[in-house]
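Structural description and commentary
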Amino acid sequence: MNQTEMKPTLAKNRIIFLDVLRGFALVGILYANILSWSGLKFLPFDSIIALGNIETDKLLYNLLKFFVDTKFYTIFSLLFGIGFYIQFSRNGEKDGFNKTYLKRLGILFAVGVIHALCWSGDILTLYALMGVLLWSMRKLPTKKLLWTAIILFTFPIFLDIIYMFTFAQDIVKPEATALKTYADMAPAAVVEGFRSSNYLDVFRTNLHNLYWRWYDFIPSGRPFKVLGLFMLGFYLHKTEFITVKSKQIKYLLPLIILGVTFTGLAATMTGSIASFSKSWSNVLYKLTHEVGQVSLGLAYIGLLALLVDKFPKFFLFAWLKNYGQQSMSSYIGHTVIGILIFYPIIAWGYFGELTLQQTFTVAAGILVFQFAFSYVWFKFFSFGPIEWLWRCATYGKWFPIRKQK
């Protein structure tokens, strides 16, 4: 047994590029998720058209689907695997690592449950659960890591084919009258629930959406994909792809070509990731989409690594570093600010009242505010506020948070 004491990673030992990458991922995640808080995801199409600006909004939505949707959650999931690899490589042989890491995941799960009860789109609970499985496979040989990641990520395709030949044909898909249409609740009813001034109505509507979000994990195979991306991140950082190889043209150019080509092909096809396939065309859509998703996500990592390498003192990278260094605070901050701006029950109540262009302007304002907050915060403190509490709860002691002069 190695009797070396298990200690948390010091702020000075962080890999700066990974914080920049976390910040970059959070930007895309905000733009993807704000469709939910703003109500645009649930608003009937007729109501969206009535808001005006429809042609510009269509263009913005198509750009979001092509360049942002699923690509940034891919990066964020890879980063979880990378983070685990860093912790395991530094502390894996030390006494207490397993207990400490599992406790850390338990706290993440608890935070995720609270977050999910406020907003159904939470990803932290799933990350915590899949994190336990990632931990259980921590000692796989390097080559097996890659193959395991590929098998896990593509396994939902095989499940989808099984579903297609068993029960999927009997599932009645509701007519799409909004970007997100539920089988048991009309879009107008969802909008009414979130526009309510009654806390219980809002809570019930969110619980309804939370149930369907986890139900959608079955046809989408999201748990398998997330775990696969965790494993892929573990493998890619272990083999120095993320910090070294990703910015090399021989790797970067094929990823860009693959990502743009397959994402473009998926954009020309009719299909749904969150629906059970009833035909081979939807299976093909899912496969095409997922190849584009991962390829373009990895291409973004390589492009950002190349830019950070070429322009290390560019001011935006410093902002992204601070933003990413408190990634959980920033992520949960998205929800808090989004609810304050859009839910009538809390503050301003712009739910379902803004066009997509206006909503994206609000997202830009949220980013400016959070960038400024994180910049000022790290002038005085070593860790983000939620990160610090997470660290203290994990190790059962209070760590100093203020920077030492």
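Remember, predicted model here, so these are calculated numbers, not experimental data.

Definitions and cut-offs
Residues numbered from 1 in each chain as written. Predicted model: local features only at pLDDT ≥ 70, side-chain atom pairs only at ≥ 80, totals over all residues. Heavy atoms only, no water. Salt bridge = Lys/Arg side-chain N within 4 Å of Asp/Glu carboxyl O. Helix = DSSP H or I, 4+ residues; strand = E, 2+ residues; numbered from the N terminus. Buried < 20%, exposed > 50% of the residue type's maximum accessible area, 1.4 Å probe, protein only. Core = buried A, V, L, I, M, F, W, Y, C linked by side-chain atoms within 4.5 Å. Phe/Tyr/Trp six-rings, centres within 6.5 Å; stacked < 30°, edge-to-face > 60°. Axes fitted to C-alpha atoms, helices over the stretch in contact; angles between N-to-C directions. Parallel < 35°, antiparallel > 145°, perpendicular 65-115°, else oblique. Left-handed = near helix turned anticlockwise from the far one by under 90°. Contact = heavy atoms within 4.5 Å. Nonpolar A, V, L, I, M, F, W, Y, C, P; charged D, E, K, R; others polar.

This next bit is on the pattern of salt bridges. Summed over all chains, the structure comprises six salt bridges. When the shortest N-O distance is used, the salt bridge between Arg22 and Asp19 registers 3.1 Å. One end of the pair is Arg22 and the other is Asp19, both in helix α1 (residues 16-37) and three residues apart, which spans about a single turn. Classification of Arg22 as buried rests on a relative accessible area of 15%. By relative accessible area, which is 2% here, Asp19 ends up buried.

Now for the nonpolar core. Formed by 97 residues in total, the largest nonpolar core has its most connected members in Phe17, Leu108, Tyr127 and Tyr343. Within the second largest apolar cluster, eight residues are counted, among which are Trp377, Phe383, Trp388 and Cys392.

Working definition: an aromatic ring pair is given by the centre-to-centre distance plus the angle between the planes. Counted according to the given criterion, the structure contains 44 aromatic pairs. Judged by centre distance (5.1 Å) and plane angle (80°), the ring pair of Tyr127 and Phe230 falls under edge-to-face. With a gap of 103 residues between them, Tyr127 in helix α6 (residues 124-136) and Phe230 in helix α10 (residues 222-238) connect regions that are remote in the sequence. Owing to a relative accessible area of 3%, Tyr127 belongs among the buried residues under this scheme. Phe230 gets classed as buried once you look at its relative accessible area, which sits at 0%. Relative to Phe167, the ring of Tyr163 lies with its centre 5.2 Å away and its plane at 45°, an arrangement referred to as tilted.

Turning next to the packing of helix α14 (residues 327-342) against helix α15 (residues 356-380). Between two packed helices, what matters for the description is the angle formed by their axes and the separation of those axes. Between α14 and α15, the least distance of the axes is 11 Å, while the angle of their chain directions is 130°. Judged by the angle between their axes, α14 and α15 are oblique. You can see that α14 and α15 cross each other, and the crossing is right-handed. Each of Ser330, Gly333, His334, Ile337, Ile341 and Phe342 in α14 lies in contact with α15, whose residues at this interface are Thr359, Val362, Ile366, Phe369 and Gln370. For the contact of α14 with α15, the residue count by class is six nonpolar, five polar and no charged.

Limitation: the analysis is restricted to geometry and does not speak to function.
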